[in-house]
Amino acid sequence: FFFFQAEDGIRDFCLSRGLGDVYKRQVHGEEGVEDVTDFINMDDEPRLRLLGLPSASVQEIADACNHFPSFVVKHAFTAAILAGKPTVLQVVLEREGEENPPAFVHAPYFPKEKEEFWWLVLGDPKVNKLAAIKRVSVGRTLKVDLKFTAPDPGTYEYALYFVCDSYIGFDQKETVLMTVGNVDAMEAE
């Protein structure tokens, strides 16, 4: 529910011991802080008051926050979607801000340097069906093709999840609208 490192370091993140203290004091919901993004976007004065830490600890937290990833996720189908046929959803990932993103995540308690990886997961949450999944590493930009077999004819609202294996609170969800045509009707034309 916040962003702290467990001893194994998998998918957990710790800015510093100071931020761990914030978590222990249960600040969730205080000053409108619901997640890490809210914390990062706070004005300095309320954030300092909330932390109640020495300035050196606050600086350590600020330095770590400056390395958090921020992405724009775009997607489009590459061709008409026909029932039972191979379909490609092209996803473009663009990292915002940093010209030279860090090679490794900020995880001071993880036993070795940890690369940042992301999962692209496409599925229909209404029926709990997975359509495609791919693990990627993103520098500045990346174009990825998610390939799957189109469902029966009709209109669908799939979900595209962009999930990080290193940070909590930075996952994204996009709605993917899809109208699937009938193969027989297309062949008749």
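All figures in this text were calculated on a predicted structure; none of them were measured in a lab.

## Focus on helix 3 (residues 44-51)
Then step 1. Looking at helix 3, one finds that the buried residues are Pro46, Arg47, Leu50 and Leu51. Here the buried residues of helix 3 occupy an arc of 130° about the axis, which is enough to place them on one side. In helix 3, the exposed positions that point more than 90 degrees away from the buried face belong to Asp44, Glu45 and Arg49.
Then step 2. Of the residues trailing helix 3, Gly52 is marked for its positive phi of about 60°.

## Quick notes on the confidence of the model for the chain
Then step 1. Model confidence for the chain is summarised by a mean pLDDT of 79, while 79% of its residues fall at 70 or above.
Then step 2. Here residues 1-26 is a poorly scored stretch, pLDDT under 50, and it has 73 contacts once near neighbours within four places are set aside; other chains count.

## Quick notes on helix 4 (residues 55-65)
Then step 1. Those residues of helix 4 lying buried are Val58, Ile61, Ala64 and Cys65. Angular distribution of buried residues about the axis of helix 4 spans 125°; they occupy a single face of the element. Away from the buried face of helix 4 by more than 90 degrees, exposed residues Ser55 and Ala56 are located.

## Side note on a nonpolar patch on the surface
Then step 1. Where nonpolar side chains cluster on the molecular surface, the patch consists of Trp119, Leu130 and Ile133 and spans about 290 Å² of accessible area.
Then step 2. Assignment of secondary structure puts Leu130 in strand 4 (residues 129-136).

## Concerning the pattern of salt bridges
Then step 1. Throughout the structure, instances matching the rule amount to four salt bridges.
Then step 2. For Glu94, the salt bridge goes to Lys74, with nearest N and O atoms at 3.3 Å. One end of the pair, Glu94, is in strand 2 (residues 86-95); the other, Lys74, is in strand 1 (residues 71-77), and 20 residues separate them in sequence.
Then step 3. Between Arg135 and Asp165 there is a salt bridge, and its shortest N-O distance comes to 3.9 Å. Of this pair, Arg135 sits in strand 4 while Asp165 is found in the loop between strand 6 (154-164) and strand 7 (172-180), placing the two residues 30 residues apart along the sequence.
Then step 4. Arg135 gets classed as partly exposed once you look at its relative accessible area, which sits at 45%.
Then step 5. Several salt bridges converge on common partners, so that one network encompasses Lys114, Arg135 and Asp165.

## Details of the sheet that holds strand 6
Then step 1. Pairing in this open sheet of four strands is antiparallel, and the strands run 4-3-6-7 from one edge to the other. Looking at the sheet topology across the chains shown, the edges are occupied by strand 4 and strand 7. Strand-to-strand twist across the sheet, computed as the mean angle between neighbouring axes with direction ignored, equals 20°.
Then step 2. Two elements, strand 3 (residues 118-124) and strand 4, share seven bridges in a ladder whose sense is antiparallel.

## Comments concerning the environment of Ile81
Then step 1. By the element assignment, Ile81 lies in the loop between strand 1 and strand 2.
Then step 2. Put simply, Ile81 and Thr179 are 98 residues apart on the chain and 6.9 Å apart in space, counted from C-alpha to C-alpha.
Then step 3. Each residue touching Ile81, except ones within four places of it in the same chain, is listed here: Thr87, Ala150, Met178, Thr179, Val180 and Gly181.

Criteria and cut-off values
Every chain's residues receive numbers from 1 upward, in the order its sequence appears when written. Under the rules for a predicted model, residues below a pLDDT of 70 receive no local features and side-chain atom pairs below 80 are neither given nor counted, while totals for whole chains, interfaces and linings still include all residues. Only hydrogens and water are set aside; all other atoms, that is, all heavy atoms of the structure, feed into the side-chain values. Working definition: with a 1.4 Å probe on protein chains only, accessible area under 20% of the residue-type maximum means buried, over 50% means exposed, and in between means partly exposed. To qualify as a helix, a DSSP run of H or I must reach at least 4 residues; to qualify as a strand, a run of E must reach at least 2; elements of each kind are numbered from the N terminus. Arc, as used here, means the arc of the directions from the helix axis to the C-beta atoms. Confidence scores labelled pLDDT are given residue by residue by the predictor and lie between 0 and 100. Here a residue-residue contact requires only that any non-hydrogen atoms of the pair lie within 4.5 Å. A patch consists of residues exposed above 30% relative accessible area that lack any salt bridge, with like charges linked at up to 9 Å and nonpolar side chains (Val, Leu, Ile, Met, Phe, Trp, Tyr) linked at up to 5 Å. Where accessible areas are quoted, they stem from the Shrake-Rupley method and a 1.4 Å probe; at the residue level, only the protein chains shown are allowed to cover. Any carboxyl oxygen of Asp or Glu within 4 Å of a side-chain nitrogen of Lys or Arg constitutes a salt bridge here. A pair of strands is labelled paired if DSSP reports no fewer than 2 bridges between them. Axes here refer to lines fitted to C-alpha atoms; in helices the fit is confined to the stretch in contact. Angles between the N-to-C directions go from 0 to 180 degrees.

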